[in-house]
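Descriptive structure summary
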Amino acid sequence: MTNKNTTEQSETCPAQSLLKMLSGKWKPEIFKLAVNGPLRFSSLLRDIPDANKQTLTTALRELEEVGLFNRIVIKEKPLHVEYNLTEMGKSMIAVFELLDTIDNVPMS
């Protein structure tokens with residue numbers, strides 16, 4: 001039986017850690033949309049047509065738990081929540097963009 005600490009210690013490759021943070025249903029799409037600015041849950045439901053509330057909620061929580069996103073409650077009327085990239089999340093934009101271009105690179 002492995003526990004979380006054992007798994008984290010066995011991940012010695014930074015790329016492996018990054019890919020693990022961004023793996024999961026809708027996480028890459030959410031991250032890509034967050035590069036352009038703050039996100040609202042309702043806009044994510046519109047921008048990711050096949051997503052549902054439960055999977056988006058799970059993905060956003062996990063992105064927040066690993067430190068890539070901040071969840072901010074905006075107390076203006078109407079009350080709403082925004083999700084923003086943290087400094088760590090912003091530092092990964094270049095890496096994410098590089099990964100995104102891999103589809104365009106011919107394999108030899």
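Residues numbered from 1 in each chain as written. Predicted model: local features only at pLDDT ≥ 70, side-chain atom pairs only at ≥ 80, totals over all residues. Heavy atoms only, no water.

1. A word on the environment of Leu 63
Counted only if it meets this: Secondary structure elements follow DSSP: runs of H or I no shorter than four residues count as helices, runs of E no shorter than two count as strands, and numbering proceeds from the N terminus. Contact definition: two residues touch when any of their heavy atoms are within 4.5 Å.
Topologically, Leu 63 is positioned in helix H5 (residues 53–65). In this structure, the C-alpha to C-alpha distance between Leu 63 and Met 21, residues 42 residues apart in sequence, is 7.1 Å. In this view, Leu 63 contacts Met 21, Leu 22, Lys 27, Ile 30, Leu 68 and Phe 69; residues no more than four positions away in its chain are not counted.

2. Regarding unusual backbone geometry
Apart from glycine, the bulk of residues carry a negative phi angle, and the bulk of peptide bonds sit in the trans form. Note that the residue after Lys 77, namely Pro 78, is joined by a cis bond; omega there is -5°. Its location among the elements puts Pro 78 in the loop between strand S2 (69–74) and strand S3 (80–85). The backbone of Trp 26 shows a phi angle near 75°, a positive value even though the residue is not glycine. Looking at the secondary structure, you find Trp 26 in the loop between helix H2 (14–22) and helix H3 (27–34).

3. Side note on the sheet that holds S3
The following threshold applies: Being paired, for any two strands, means DSSP has found at least two bridges between them.
Taken in spatial order, the 3 strands line up as S1-S3-S2 in an open sheet, and their pairing is antiparallel. In the strand order of this sheet, the two ends are held by strand S1 (39–40) and S2, each with one partner. Relative to S3, S2 runs antiparallel, the two being bridged by 6 bridges. Along S3, the bridge assignment pairs Arg 71 with Tyr 83.

4. Some words on the nonpolar core
Put simply, the test is: The criterion is simple. A nonpolar core is a set of buried Ala, Val, Leu, Ile, Met, Phe, Trp, Tyr and Cys residues joined through side-chain atoms within 4.5 Å. Burial here depends on accessible area, computed with a 1.4 Å probe over protein chains only, as a share of the maximum for the residue type. Under 20% is buried, over 50% is exposed, and the range in between is partly exposed.
By size, the foremost hydrophobic cluster in this structure holds 22 residues, and its most contacted members are Ile 30, Phe 31 and Phe 69. Counting residues per element, the ones that place at least two in this core are H2, H3, H5, S3 and helix H7 (93–100). At 4 residues, H5 tops the list of elements feeding residues into this core.

5. Considerations on H5
Stated formally: Helices are assigned an expected span. That span is 1.5 Å times one less than the residue count. Throughout, the arc means that of the directions going from the helix axis to the C-beta atoms. In protein, a polar contact requires one atom able to donate a hydrogen and another able to accept it; more generally it is a pair of N or O atoms within 3.5 Å, and residues adjacent in sequence count only if both atoms are side-chain atoms.
Here H5 is 13 residues long and its end C-alpha atoms lie 18 Å apart, about the 18 Å a rise of 1.5 Å per residue gives. Along H5, the residues classified as buried are Leu 56, Ala 59, Leu 60 and Leu 63. Taken around the axis of H5, the buried residues stretch over an arc of 100°, which confines them to a single face. When the buried face of H5 is taken as reference, the exposed residues oriented beyond 90 degrees from it are Gln 54, Arg 61 and Glu 65. Looking at the buried positions of H5, the neighbouring elements they touch are H2, H3, helix H4 (41–47), S2 and S3. Two or three places before Gln 54, at the start of H5, stands the capping residue Asn 52, its side-chain oxygen 3.1 Å from that residue's backbone nitrogen. Of the residues flanking the end of H5, it is Gly 67, one or two places downstream, whose phi is positive at about 90°.

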